[in-house]
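Below are the chains, spelled out letter by letter.
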Amino acid sequence: MRTWFTAIIICACAVLAGSLQAQEEVVAELTTSAEPACSSHGARAVPTVEEIRAEAEAKEALIKGLNLSTHAQNALMIAAESMSLEALQQYLAQEHHAYDGHTVLEHAAMKVKFSLPMTRKPCPECGEIVYHADPNGQLAAWTHHYTNGKLQYSRFPIPLQIYAKAEQGMGLWDKLVHRVQIDNFNLAATIIFLLAILHTFMAPMFQKWAHHMEKAHKQKLRDAKFRILHPEQRMPVSFGSTLCHFLGEVEVVFGLWIIPFAFVCQHYYSMDDFLRYIDHDTSFTEPLFVAVIMVIASSRPIYRLAENTLKFAASMGGSTPAAWWLSVLCIAPLLGSFITEPAAMTLAAILLAKKFYHLKPAPSLCYATLALLFVNVSVGGTLTHFAAPPIVMVAGKWNWDMAHMFIHFGWKAIVGIIIANIIYFFIFTKEFKRLAEVQRANSAFDSAVPTSWEDRQDVIPVWVYAVSIVFLVWTVYFAHHPAIFIGGFLFFLGFTMATPQYQNAFSIKVPLLVAFFLAGLLILGGVQGWWMQPVLQALSELGATATMGLASILTAFNDNASVTFLSSTVPNLPEQIRYAIVAGAVTGGGLTVIANAPNPAGQAILGKYFKDGISALQLFLWAALPTFILFCLYNFIYFGN
């Protein structure tokens with residue numbers, strides 16, 4: 001009995017020592033002998049001081065025998081403290097590891113995961129502690145040490161700061177060529193992005209083709225004398241027309257191009273990296289927020305509240321189409337500084353649709369109004385530091401508070417909006433007079449015809465207004481917490497079902513399409529930093545005016561929030577260059593539908609008033625004048641020097 005008790009103690013010592021070989025020897029000896037031999041087995045299971053010292057010296061000799069930098073040797077020595085000599089030898093025998101002499105950039109080019117043998121160990125290049133796993137134990141491909149932020153789980157895109165050491169002394173073109181040579185994925189992803197942008201410009205063309213095919217298809221049915229033979233039978237449609245109509249929907253363009261992007265990711269990396277990029281590295285909080293705020297802001301109580309607020313300003317001009325036009329385009333965009341730009345865009349677009357666009361203005365005025373709306377909303381969010389995404393991206397990092405925003409940006413936005421609106425008002429004076437006649441004719445007709453249920457003017461109780469405002473404020477306040485504002489949205493839907501007599505039916509289709517558009521833009525735009533960052537860095541060397549102008553142009557081809565975010569990653573930017581980049585980004589936010597996140601919401605609401613779809617070229621041309629006016633204000637009136 002004593003013998004077996006002693007054997008159990010020996011086994012426990014062997015397990016605690018962590019030596020599998022010693023454990024096997026103990027078990028083997030137990031099967032052949034019943035001798036106690038406690039002292040001899042204990043000596044083998046628990047290493048002596050001399051054995052520990054010898055192993056440490058062997059590790060040190062092994063590490064110093066490698067051709068590594070001092071940082072790498074020191075980091076490997078610390079990492080080796082928690083490894084056995086055999087484990088260290090096995091790790092160093094691998095083809096690629098953190099201490100194999102390759103730089104981080106070389107590891108990225110070889111498409112291998114750069115990871116330390118254990119987390120919370122020093123970096124082999126700089127010696128700083130690196131954390132490779134999040135609290136849930138998910139291993140990241142790139143740590144915050146390399147990304148200047150959160151963990152990056154996908155191996156693409158290569159963190160921008162990793163390029164810096166190898167690009168010292170290079171010009172802009174050489175940097176771009178170098179980054180393509182390091183990773184051809186950069187060029188492939190940008191080609192996909194440019195094709196998506198080109199697709200947005202071609203959307204009206206697809207819409208025209210769809211209409212022509214649909215007419216030809218209907219004529220073909222008439223010639224064949226097609227008849228519906230059963231109440232549930234559906235009218236056959238033209239597949240080509242439907243396909244062209246789908247391709248002509250601007251809201252689906254970027255989401256559509258995610259399909260070839262996924263194949264590019266699979267080719268250069270892996271599908272696992274693509275899924276990690278979607279699941280972990282891309283935040284879809286903004287698309288979700290835009291979808292929710294569009295639904296809430298378009299609800300009848302909120303719409304009526306906004307209508308009554310702007311009605312006072314419009315009444316000063318006799319509530320004519322011109323008065324409503326000026327009231328909405330001057331006041332509603334400024335609300336974006338408080339209720340967020342998507343909410344302001346939604347309210348302004350709905351009011352313009354019901355008070356102005358339904359009168360069927362001339363196509364030129366339709367485009368001018370849409371261009372003003374986009375430009376005004378983009379700059380209207382600069383009165384504060386917490387509402388507009390391009391401002392939020394940099395306000396915290398650069399210590400810009402509300403006073404700073406109003407002094408340097410806000411009041412100039414107000415002046416610029418008023419000047420641009422007045423100029424366009426005088427350009428279209430005759431058209432506004434014609435619309436006033438149309439309004440009077442419609443009013444005379446409407447007096448004899450009952451208004452629609454959606455246009456009823458019954459009194460909405462104060463408590464319904466109050467609850468609706470609470471839901472709007474709740475969503476805006478928790479804009480960065482999707483689980484919270486989506487939960488509030490579900491309660492909002494329940495509230496509308498409980499108060500149907502005060503509500504109008506609303507469609508979730510348009511908000512979902514807008515969210516789909518923004519999600520696709522985020523996915524494709526998130527891998528464009530490889531060329532945008534060096535371009536912004538090069539702009540800072542050209543002076544404030546050139547920087548602002550080129551930032552405005554750059555914004556036309558990507559979301560302005562992405563432009564300001566990437567500018568915040570460029571180290572040691574002078575204050576006037578920071579101002580120039582942000583001013584250029586918000587100024588150019590109306591040039592295209594992709595230049596500012598709320599633009600797709602406005603286009604989705606007002607797009608039905610453009611017969612052949614919204615032409616990107618026409619929008620760009622009509623937005624050029626107000627953009628230039630605001631550019632001049634921001635450029636020549638700057639008190640931050």
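Nothing here was measured: the structure is a model prediction, and the numbers come from that model.

### Thoughts on the overall build of the protein
Turning to step 1, where the next piece is worked out: Looking only at helices and strands, the protein features 33 helices and 2 strands.
Turning to step 2, where the next piece is worked out: Partitioning the contacts of the protein with sequence separation of at least 6, the portion at a separation of at least 24 is 73%.

### Topic: the packing of aromatic side chains
Turning to step 1, where the next piece is worked out: Going through the model one piece at a time under the given rule, you end up with 37 aromatic pairs.
Turning to step 2, where the next piece is worked out: Look at phenylalanine 185 and tyrosine 268: their rings are 6.4 Å apart centre to centre, the planes differ by 70°, and that puts the pair in the edge-to-face class. You can see phenylalanine 185 sitting in helix α11 (residues 185–223) and its partner tyrosine 268 sitting in helix α14 (residues 258–268), a full 83 residues away along the chain.
Turning to step 3, where the next piece is worked out: Residue class for tyrosine 268 comes out partly exposed when judged on its relative accessible area of 27%.
Turning to step 4, where the next piece is worked out: Both rings, one in phenylalanine 261 and one in phenylalanine 274, keep their centres 6.1 Å apart while their planes meet at 65°; by these two values the pair is edge-to-face. Of this pair, phenylalanine 261 sits in helix α14 while phenylalanine 274 sits in helix α15 (residues 271–281), placing them 13 residues apart in sequence.
Turning to step 5, where the next piece is worked out: In textbook terms, an aromatic cluster arises when at least three aromatic residues are bridged by ring pairs, as seen for Trp325, Phe356, Tyr357, Tyr367, Phe425, Phe426, Phe432, Tyr609 and Phe610.
Turning to step 6, where the next piece is worked out: One Lys or Arg, lysine 111, reaches over the ring of tyrosine 269 and ends 4.9 Å from the middle of that ring.
Turning to step 7, where the next piece is worked out: Its guanidinium or amino end placed over the ring of tyrosine 303, lysine 354 lies 4.9 Å from that ring's centre, counting from NZ or CZ.

### Description of the side chain of threonine 564
Turning to step 1, where the next piece is worked out: One can find threonine 564 in helix α30 (residues 560–568).
Turning to step 2, where the next piece is worked out: Residue class for threonine 564 comes out buried when judged on its relative accessible area of 0%.
Turning to step 3, where the next piece is worked out: Within the structure, threonine 564 has its side chain in polar contact with the backbone oxygen of proline 390 (distance 3.0 Å).
Turning to step 4, where the next piece is worked out: The contacts of threonine 564, once residues within four sequence positions are left out, are Pro390, Met393, Val394, Val582 and Ala585.

### Here's the deal with the environment of aspartate 273
Turning to step 1, where the next piece is worked out: Tracing the chain through its elements places aspartate 273 in helix α15.
Turning to step 2, where the next piece is worked out: Residues aspartate 273 and arginine 155, 118 residues apart in the sequence, show an inter-C-alpha distance of 6.3 Å.
Turning to step 3, where the next piece is worked out: Apart from the residues lying within four places of it in its own chain, the contact partners of aspartate 273 are Ser154, Arg155 and Phe156.

### Things to note about the packing of helix α27 (residues 509–525) against helix α32 (residues 599–606)
Turning to step 1, where the next piece is worked out: The N-to-C vectors of α27 and α32 enclose an angle of 145°; their axes lie 9 Å apart at closest approach. α32 is crossed by α27, and the crossing has right-handed handedness. Only Pro600, Ala601 and Ala604 of α32 make contact with α27, whose side of the interface consists of Val510, Val514, Phe517 and Leu518.

### Description of a nonpolar patch on the surface
Turning to step 1, where the next piece is worked out: A contiguous nonpolar patch, built from Leu187, Ile191, Leu195, Leu198 and Phe201 and spanning about 410 Å² of accessible area, is present on the exposed surface.
Turning to step 2, where the next piece is worked out: The topology assignment puts phenylalanine 201 in helix α11.
Turning to step 3, where the next piece is worked out: Overall, phenylalanine 201 belongs to the partly exposed group, its relative accessible area being 36%.

### Considering the packing of helix α16 (residues 285–297) against helix α25 (residues 462–477)
Turning to step 1, where the next piece is worked out: In contact at an axis separation of 10 Å, α16 and α25 are set at 165° when each is read in the N-to-C sense. Between α16 and α25, the angle falls in the class roughly antiparallel. Between α16 and α25 lies a crossing of left-handed hand. Contacts between α16 and α25 pair Phe289, Val292, Ile293 and Ile296 from the former with Phe471, Leu472, Thr475 and Val476 from the latter.
Turning to step 2, where the next piece is worked out: Among the residues forming the contact of α16 with α25, the class breakdown is 7 nonpolar, 1 polar and no charged.

### Concerning the pattern of salt bridges
Turning to step 1, where the next piece is worked out: Applying the stated rule across the entire model yields 11 salt bridges.
Turning to step 2, where the next piece is worked out: The partner of aspartate 273 in a salt bridge is arginine 155, and the shortest N-O contact between them spans 2.8 Å. Taken together, the residues aspartate 273 in helix α15 and arginine 155 in the loop between α8 (144–147) and α9 (161–164) connect sequence positions 118 residues apart.
Turning to step 3, where the next piece is worked out: A relative accessible area of 1% places aspartate 273 in the buried class.
Turning to step 4, where the next piece is worked out: One salt bridge in this structure joins lysine 355 and glutamate 307, with 2.8 Å as the shortest N-O distance. Here lysine 355 is found in helix α20 (residues 341–355), whereas its partner glutamate 307 is found in helix α17 (residues 300–315), with 48 residues between them in sequence.

### Topic: the nonpolar core
Turning to step 1, where the next piece is worked out: Ranked by internal contacts, the top residues of the largest apolar core, which has 168 residues, are Tyr99, Phe185, Phe254, Phe261, Leu373 and Tyr634.
Turning to step 2, where the next piece is worked out: In this view, tyrosine 634 contacts Val379, Thr382, His408, Phe409, Lys412, Ala413, Met548, Tyr579, Ala583 and Thr587; residues no more than four positions away in its chain are not counted.

### So, α25
Turning to step 1, where the next piece is worked out: Taking 1.5 Å of rise per residue, the 16 residues of α25 would be expected to cover 22 Å, and the 22 Å separating its terminal C-alpha atoms lies within 8% of that figure.
Turning to step 2, where the next piece is worked out: Of all the positions in α25, only Val464, Tyr465, Ser468, Phe471, Leu472, Thr475 and Val476 are classed as buried. The buried residues of α25 all sit within an arc of 135° when viewed along its axis, so they share a single face. Away from its buried face, by an angle of more than 90 degrees, α25 presents the exposed residues Val462, Val470 and Tyr477.
Turning to step 3, where the next piece is worked out: The elements touched by buried residues of α25 are α16, α17, α19 (336–339) and α26 (482–498).

### A look at the environment of aspartate 401
Turning to step 1, where the next piece is worked out: Considering the arrangement of structural elements, one finds aspartate 401 in the loop between α22 (389–398) and α23 (402–427).
Turning to step 2, where the next piece is worked out: For aspartate 401, a relative accessible area of 41% gives the class partly exposed.
Turning to step 3, where the next piece is worked out: Along the chain, aspartate 401 and phenylalanine 386 lie 15 residues apart, while their C-alpha atoms are 8.7 Å from each other.
Turning to step 4, where the next piece is worked out: A polar atom in the side chain of aspartate 401 sits 2.9 Å from the backbone nitrogen of histidine 404.

### Details of unusual backbone geometry
Keep in mind that most residues, glycine aside, have a negative phi and that most peptide bonds are trans.
Turning to step 1, where the next piece is worked out: That bond from phenylalanine 156 to proline 157 is cis: its omega, -10°, falls within 30 degrees of zero.
Turning to step 2, where the next piece is worked out: Mapped onto the elements, proline 157 comes out in the loop between α8 and α9.
Turning to step 3, where the next piece is worked out: With phi around 55°, serine 319 is a residue other than glycine that occupies positive phi space.
Turning to step 4, where the next piece is worked out: Relative to the assigned elements, serine 319 resides in the loop between α17 and α18 (321–331).

### Describing the side chain of arginine 300
Turning to step 1, where the next piece is worked out: Mapped onto the secondary structure, arginine 300 falls in helix α17.
Turning to step 2, where the next piece is worked out: By relative accessible area, which is 3% here, arginine 300 ends up buried.
Turning to step 3, where the next piece is worked out: With residues up to four places along the chain from it excluded, the contact list for arginine 300 reads Arg456, Asp458, Ile460, Gln501, Tyr502, Gln503 and Asn504.

### Details of the environment of aspartate 559
Turning to step 1, where the next piece is worked out: Locating aspartate 559 in the fold gives a position in the loop between α29 (544–555) and α30.
Turning to step 2, where the next piece is worked out: It is 7.8 Å that separates the C-alpha atoms of aspartate 559 and glycine 589, two residues lying 30 residues apart in sequence.
Turning to step 3, where the next piece is worked out: What aspartate 559 contacts, discounting residues up to four positions off in sequence, is Glu286, Leu521, Ile594, Ala595, Asn596 and Ala597.

### What to know about the confidence of the model for the protein
Turning to step 1, where the next piece is worked out: When the pLDDT values of the protein are averaged, the result is 85; 90% of them are 70 or greater.
Turning to step 2, where the next piece is worked out: Every residue in residues 445–450 scores below 50 in pLDDT, and together they form 0 contacts with partners more than four places removed in sequence or on other chains.

Criteria and thresholds
- Each residue is numbered by its place in its chain's sequence as written, counting from 1.
- Restriction of local features to residues with pLDDT of at least 70 applies here, the model being predicted, together with a cutoff of 80 or more for giving and counting side-chain atom pairs; totals for whole chains, interfaces and linings are based on all residues.
- Hydrogens and waters are ignored; side-chain quantities use all the structure's heavy atoms.
- Here a helix means four or more residues in a row that DSSP labels H or I, a strand means two or more in a row labelled E, and each is numbered from the N terminus.
- Contact between two residues is taken to exist if any of their heavy atoms lie within 4.5 Å; hydrogens are not considered.
- A pair of aromatic rings is counted whenever rings of Phe, Tyr or Trp (Trp by its six-membered ring) have centres within 6.5 Å, and the orientation is called stacked for planes under 30 degrees apart, edge-to-face for over 60 and tilted otherwise.
- Only protein chains enter the accessibility calculation, which uses a 1.4 Å probe. A residue is then buried if its area is under 20% of the maximum for its type, exposed if over 50%, and partly exposed in between.
- To sit over a ring, a charge needs its Lys NZ or Arg CZ within 6 Å of the ring centre and within 35 degrees of the ring normal.
- Residues adjacent in sequence count toward polar contacts only when both atoms are side-chain atoms; beyond that, a polar contact is any pair of N or O atoms within 3.5 Å, and within protein one must be able to donate a hydrogen and the other to accept it.
- A fitted line through C-alpha atoms serves as each axis, taken over the contacting stretch for helices, and the angle formed by two N-to-C directions is quoted from 0 to 180°.
- Should the near helix be turned anticlockwise from the far one by less than a right angle, the crossing is left-handed, and should it be turned clockwise, the crossing is right-handed.
- Nonpolar side chains (Val, Leu, Ile, Met, Phe, Trp, Tyr) within 5 Å and like charges within 9 Å form the patches, drawn only from residues with over 30% relative accessible area and no salt bridge.
- Here the open area of atoms and residues is found with the Shrake-Rupley method and a 1.4 Å probe, where only the protein chains shown may cover a residue.
- One side-chain nitrogen of Lys or Arg within 4 Å of one carboxyl oxygen of Asp or Glu is enough to make a salt bridge.
- Comment on the angle field: the value is read as roughly parallel under 35 degrees, roughly antiparallel over 145, roughly perpendicular from 65 to 115, and oblique elsewhere.
- Under the grouping applied here, Gly and all other residues not named as nonpolar or charged are polar, the nonpolar ones being Ala, Val, Leu, Ile, Met, Phe, Trp, Tyr, Cys and Pro and the charged ones Asp, Glu, Lys and Arg.
- For the purposes of this section, nonpolar cores are sets of buried Ala, Val, Leu, Ile, Met, Phe, Trp, Tyr and Cys residues that join through side-chain atoms within 4.5 Å.
- In a helix, the anticipated span is given by 1.5 Å times the number of residues less one.
- The arc under discussion is defined with respect to the helix axis, by the directions toward the C-beta atoms.
- For every residue, the predictor states its confidence as a pLDDT score lying anywhere from 0 to 100.

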